[in-house]
Structures are given as C-alpha cells and as structure tokens.
Amino acid sequence: MDIKANLLAVKKTFINEDCLLVAVSKTKPLSDLMDAYQAGIRDFGENKVQELQSKQAQMPDDVKWHMIGHLQSNKVKYIASFVHLIHGVDSFKLLKEINKQGKKINRIIPVLLQIHIAEEETKFGFDKNELNEMLSNPDFLNLTHVNVQGLMGMATFTEDIDQVRKEFRNLKSLFEELKALQLPAFVQLDDISMGMSGDYLIAQEEGSTIVRIGSAIFGGRS
Ligand SMILES: *Cc1c(COP(=O)(O)O)cnc(C)c1O
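Since this is a predicted model, take the numbers as computed values, not measurements. (Residues numbered from 1 in each chain as written. Predicted model: local features only at pLDDT ≥ 70, side-chain atom pairs only at ≥ 80, totals over all residues. Heavy atoms only, no water.)

### Section: the site of the ligand
Near the ligand the following residues occur: Val 24, Lys 26, Ile 68, Met 152, Met 154, Met 196, Ser 197, Arg 212, Ile 213, Gly 214, Ser 215 and Arg 221. Ser 215 is positioned with one of its backbone polar atoms (N or O) 2.8 Å from an oxygen atom of the ligand. The cavity that encloses the ligand is the largest pocket. (Near = heavy atom within 4 Å. Polar contact = N/O pair within 3.5 Å; in protein donor to acceptor, adjacent residues only side chain to side chain. 1 Å grid on protein atoms, 1.4 Å probe; cavity = no way out; pocket = protein on both sides within 12 Å on 5 of 7 lines; lining within 4 Å. Sits in = over half its atoms within 2 Å of the grid points.)

Quick look at the structure:
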C-alpha cells in the first residue's frame, strides 16, 4: 500500500482545496500513520477511545486527533485533554459531559453535532426535533467549556448518488438554517464534516469543509 501515493491521488481530486482532509486511521498500525505523517498529514481520525489514546501517546505531538466515532459519556474523560475535535456529539447528555470534563481541566473542547441524515436506523445523530429541543433548553446556555464548531453527518451507504447528494444537501441547509438563528457565542458553526472515501466528492460539491477519508488512503479494513 503506497500511502503517500494514495494521499496525493485523493488530494488531486479535491474540488475544494481548503477542505480539511482527516486521515481515518482506525485499525491501522502506527507505521501506516507515520507514512501519512511523513507525507504531511497532521489530522488523524479514530473511532475508538482506547485506540485513540494509545496512538496519541506514540505519535508526534503536533498531530491533531479527531474522535469521529460514537463516544460514550463515561469515556470523555480519557480524551478531553488532547482531542482536537469531537465529530460525533449526538446527545445533550454527551455534550454536557464534554463540557463538564472541559471545565475540570480548564479547556474549551471543540465539537461537532452529529445530525442523523441517512435513511438507515443504525446511524447515530440528532434529528431536527431533538436538536431544537436541546437548543431551546435553558441549560444549553450554561455550557462554558465547549465550542460547537459545526455539524457532522454520514450519508446512507448506497450506490444511489442522488440519495447521497440529497442527504448532504439536507445537512448543508440545516447548517444554514442554524447559522441564521440567534445562538450563543460558543455555537460558531464554521464547519460541516461530511464525506468519506466513497462519497467525498459529492460531499465537497454540497459544501463540506471537512472530509474523513480512510480506505482510499490506507486501504481496506478487515
Ligand atoms: C471509518 C469512518 C470513516 C472513513 O471511512 P472510509 O470509507 O474508509 O473512508 C469516516 N467517518 C466515520 C465516522 C468512520 O467511522
């Protein structure tokens, strides 16, 4: 697997050069991460807390670690001190726990709210009602140690490009709707994390600012 060549090939296809590439290195050995690091990658994505911790301890200090998977509230404490961005915040409970852990160590933790855009039941995320409920909850205003940097979504796993495009478009329009609201200052809404190996070009066409790409860089996972 020529990771550097894969990276160059992926980058070459980008429609938006400013879109941040997060290299999703879950299940891959450190040597693969180091190949990507040497090719210039500094943003890495992992979906398991333990693996994230262990790789963080072994990789160079200037790596920015993205937690992209489902995060359980009781595990926030293990990554609060170093995580660069938590993509998958899918409940108010989790957001409050991140805030609590941030407060403990006096760190404002950047997060994205995961929105359920796919048809599949299995994908995590807020639906519109849940999101509105949280935003209108008085306790939401009391958050002091999180920065809501934007939204994240995963499209349905399907060959149907129109379906995928529609889902990304829905996420983008929700993003614009939220931006038009009067929200507290810690809700900044700068980023939309959408797009993976199979659909990042569609995602970029629909306004993605962060793509999370694994297999197109590191090869398939068993
Ligand atoms: C694994 C994973 C990715 C990367 O998937 P690829 O298809 O390998 O690019 C992106 N986002 C999330 C949330 C993931 O779990």
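### Here we look at the pattern of salt bridges
For the structure on display, the rule yields 8 salt bridges. Between Arg 165 and Glu 205 there is a salt bridge, and its shortest N-O distance comes to 2.8 Å. Residue Arg 165 is found in helix 6 (residues 161-179), and its partner Glu 205 is found in helix 7 (residues 200-205); the two are separated by 40 residues along the sequence. Judged by relative accessible area, Arg 165 falls into the partly exposed class, the value being 22%. Under the relative-accessibility criterion, Glu 205 is labelled partly exposed at 45%. Taking the shortest distance from any N to any O, the salt bridge between Glu 176 and Lys 172 comes out at 3.0 Å. Here Glu 176 pairs with Lys 172, and both are found in helix 6, just 4 residues apart, close to one helical turn. With a relative accessible area of 36%, Glu 176 lands in the partly exposed category. Taken together, the salt bridges that share partners define one network made up of Arg 165, Arg 169, Glu 205 and Glu 206. (Salt bridge = Lys/Arg side-chain N within 4 Å of Asp/Glu carboxyl O. Helix = DSSP H or I, 4+ residues; strand = E, 2+ residues; numbered from the N terminus. Buried < 20%, exposed > 50% of the residue type's maximum accessible area, 1.4 Å probe, protein only.)

### Some details on the layout of surface pockets
Taken as a whole, the largest pocket encloses approximately 640 Å³ of empty space. Where the lining of the largest pocket is concerned, the elements lending two or more residues are helix 6 and strand 8 (210-213). Among the residues forming the lining of the largest pocket, the class breakdown is 12 nonpolar, 11 polar and 8 charged. By volume, the second largest pocket is sized at about 190 Å³. The element that contributes the greatest number of residues to the lining of the second largest pocket is helix 3 (residues 49-58), accounting for 3 residues. Considering only residue class, the lining of the second largest pocket consists of 4 nonpolar, 5 polar and 2 charged. (Points joined across faces, edges and corners; volume = space filled by probe spheres on them. Nonpolar A, V, L, I, M, F, W, Y, C, P; charged D, E, K, R; others polar.)

### Notes on the packing of helix 5 (residues 128-136) against helix 6
Packing of helix 5 against helix 6 leaves a shortest axis separation of 13 Å and a crossing angle of 20°. With respect to helix 6, the element helix 5 is oriented roughly parallel. Considering only the axes of helix 5 and helix 6, their crossing is right-handed. In this structure, helix 5 contributes Lys 128, Leu 131 and Leu 135 to the contact, and helix 6 contributes Leu 174, Glu 177 and Leu 178. (Axes fitted to C-alpha atoms, helices over the stretch in contact; angles between N-to-C directions. Parallel < 35°, antiparallel > 145°, perpendicular 65-115°, else oblique. Left-handed = near helix turned anticlockwise from the far one by under 90°. Contact = heavy atoms within 4.5 Å.)

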